[in-house]
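The chain contents come next:
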Amino acid sequence: MGCFFSKKSKRKSAEKENLTPTTTSADTAGSSVPLGNNTDEAPKQYSWDKREKADPKDYTLTGLKDVTVGRLPGTLDGKPFVIQDCENCNIFVLDHTATINIDDCVNCRIVFGPVKGSVFFRDCKDIKCVVACQQFRARDCKKMDVFLCCATQPIIESSTGMKFGCFQYYYPELAFHFKDAGLSIFNNNWSNIHDFTPVSGENNWSLLPEDAKVADFVPAPDPESDFKSVRISTEAARSIVPLTKGGRRKDSEESCLFVFFAGDYTTANARKLIDEATSKGFVLIQTKEVSMKPEDARRVFQNSADDLVEWINKGSVTALELNGDGAVEACKTIASEVFSGTKVFVSDNKNTSTRDVDSFFNFADMQMGL
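The chain carries the name Protein XRP2 in an unreviewed UniProt entry, which gives Gambusia affinis as its organism. Check the Subcellular location (unreviewed entry) section of the UniProt entry for the chain; it says "Cell membrane".

Structural data, given as structure tokens:
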């Protein structure tokens with residue numbers, strides 16, 4: 001079988017046979033470049049060389065007074081942030097971040113979008129703030145009013161005059177920021193404060209009045225500020241995080257456990273339930289979103305467990321405690337009329353509903369290390 005060559009191959013062969021020039025050592029002296037040191041070769045570029053260099057000033061607020069400042073949505077994108085030595089400022093950090101440290105600030109109003117890790121206040125005084133985070137800590141602080149969403153138990157240390165309320169806030173990107181920060185709007189331990197340095201006979205912390213409104217503590221940004229384009233609301237009904245009663249005394253001895261299972265509309269369904277129940281005068285005490293195993297279901301749901309195992313394996317479950325006389329029957333009616341095509345668990349009667357609530361939320365607290 002013959003071999004085939006392209007015209008290009010034949011031309012190269014002819015050039016090699018007939019046109020190879022004669023070269024002397026003088027022709028090449030001083031012109032050759034050792035292998036690997038070709039000065040015309042572009043230097044290698046690595047992925048980390050291509051990153052845009054971060055300016056520390058973009059992630060810090062320092063030494064400010066009597067101004068409205070902060071960061072707009074999309075400007076921090078999960079980076080750490082630092083605030084220090086600010087006085088009488090309105091600070092709006094409307095993006096998700098990794099961590100935030102606040103040091104030596106006085107008389108400031110502050111709003112933080114969701115923080116994936118910790119928010120740590122140190123040596124601050126007369127602060128009013130709205131905070132969503134994985135971990136909240138305050139050390140050597142005085143007189144703080146905090147509207148909080150915290151996935152773990154909030155901690156104070158060597159601090160006095162600390163008051164806490166449930167997170168109430170909205171801006172259009174906030175739900176996405178919660179997701180980016182890995183936080184659930186249903187896991188909020190805002191009223192379960194741990195004081196590392198309690199003083200006998202004194203209370204270093206307390207809960208804000210139940211009717212406390214964010215707008216009375218942290219006003220909306222000045223209409224002339226950089227934040228005028230962000231549609232902010234402090235109305236409880238629009239808050240991304242459900243408004244819960246938390247650790248305050250319950251108005252009724254009857255509570256009902258209502259559980260949704262993983263699905264495309266779980267969050268929307270939970271919100272619909274809250275709207276339906278609260279419109280009838282019932283109170284949302286607490287919520288939790290956790291993962292369960294079949295053996296957990298048998299311990300928590302007992303006789304109903306076998307019917308729920310299939311649904312528990314689909315993903316996390318979202319539970320709500322609703323309180324008020326007649327809560328169980330009202331929730332059963334809502335389940336049948338509003339969520340007839342959705343798999344849910346609802347306490348069967350008021351004689352066992354308290355056990356249902358305690359079993360689920362005790363399990364959830366253990367699961368979350370609370």
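Peer 1: For this particular structure, what's the right way to read the packing of helix 6 (residues 294-301) against helix 7 (residues 305-312)?
Peer 2: Angle between the axes and distance between the axes are the two parameters that describe a pair of packed helices. Two elements in contact, helix 6 and helix 7, have axes separated by 9 Å at closest approach and are oriented at 140°. Compared by their axis directions, helix 6 and helix 7 come out oblique. In terms of crossing hand, the pair formed by helix 6 and helix 7 is right-handed. On helix 7, the residues touching Pro-294, Ala-297, Arg-298 and Phe-301 of helix 6 are Ala-305, Asp-306, Leu-308, Val-309 and Ile-312.

Peer 1: Would you take a moment to explain the environment of Glu-253 for this structure?
Peer 2: Tracing the sequence through the fold places Glu-253 in the loop between strand 13 (205-207) and strand 14 (255-260). In this structure the C-alpha to C-alpha distance between Glu-253 and Lys-350, which are 97 residues apart in sequence, comes to 9.4 Å.

Peer 1: What exactly am I supposed to notice about the packing of aromatic side chains here?
Peer 2: What describes a pair of aromatic rings is the distance from one ring centre to the other and the angle between the planes of the rings. Under the defined criterion, the tally for this structure stands at 13 aromatic pairs. Summarising the aromatic geometry, the rings of Phe-260 and Phe-339 are spaced 5.2 Å apart at their centres and angled 80° between planes, so their arrangement reads as edge-to-face. Of this pair, Phe-260 sits in strand 14 while Phe-339 is found in the loop between helix 8 (327-338) and strand 17 (344-346), placing the two residues 79 residues apart along the sequence. This pair shows no difference in class: Phe-260 is buried, exactly as Phe-339 is.

Peer 1: Is there a simple way to explain the pairing of strand 5 (residues 100-103) in this structure?
Peer 2: Two faces, one strand: in a regular strand the side chains alternate between the faces of the sheet. With four bridges connecting them, strand 3 (residues 81-84) and strand 5 associate as parallel partners. By the bridge assignment for strand 5, Val-82 is matched with Asn-101. Inspection of the sheet shows strand 5 paired to strand 7 (residues 115-122) by four bridges, in the parallel sense. Counterpart to Asp-103 in the pairing with strand 7 is Arg-122.

Peer 1: Before we go on, may I ask you to explain the UniProt feature "binding site: GTP" (unreviewed entry) in the chain in this structure?
Peer 2: The feature "binding site: GTP" (unreviewed entry), as annotated in UniProt, sits at Gly-117, Ser-118, Gln-134, Gln-135, Phe-136 and Arg-137 in this numbering. Over a stretch of 21 residues, the named residues converge on one spot in the fold, their C-alpha atoms separated by at most 10.9 Å. The subset of the named residues that lines the largest pocket consists of Gln-134. Within the element layout of this structure, Gly-117 appears in strand 7. Summarising the element assignment, Ser-118 is placed in strand 7. Here Ser-118 is in contact with Ala-98, Thr-99, Ile-100 and Gln-135, once residues within four sequence places are set aside.

Conventions we followed
- Residues numbered from 1 in each chain as written.
- Predicted model: local features only at pLDDT ≥ 70, side-chain atom pairs only at ≥ 80, totals over all residues.
- Heavy atoms only, no water.
- UniProt positions renumbered as here; feature names shortened; annotations may be inferred.
- Axes fitted to C-alpha atoms, helices over the stretch in contact; angles between N-to-C directions.
- Helix = DSSP H or I, 4+ residues; strand = E, 2+ residues; numbered from the N terminus.
- Parallel < 35°, antiparallel > 145°, perpendicular 65-115°, else oblique.
- Left-handed = near helix turned anticlockwise from the far one by under 90°.
- Contact = heavy atoms within 4.5 Å.
- Phe/Tyr/Trp six-rings, centres within 6.5 Å; stacked < 30°, edge-to-face > 60°.
- Buried < 20%, exposed > 50% of the residue type's maximum accessible area, 1.4 Å probe, protein only.
- Pairing = 2+ DSSP bridges.
- 1 Å grid on protein atoms, 1.4 Å probe; cavity = no way out; pocket = protein on both sides within 12 Å on 5 of 7 lines; lining within 4 Å.

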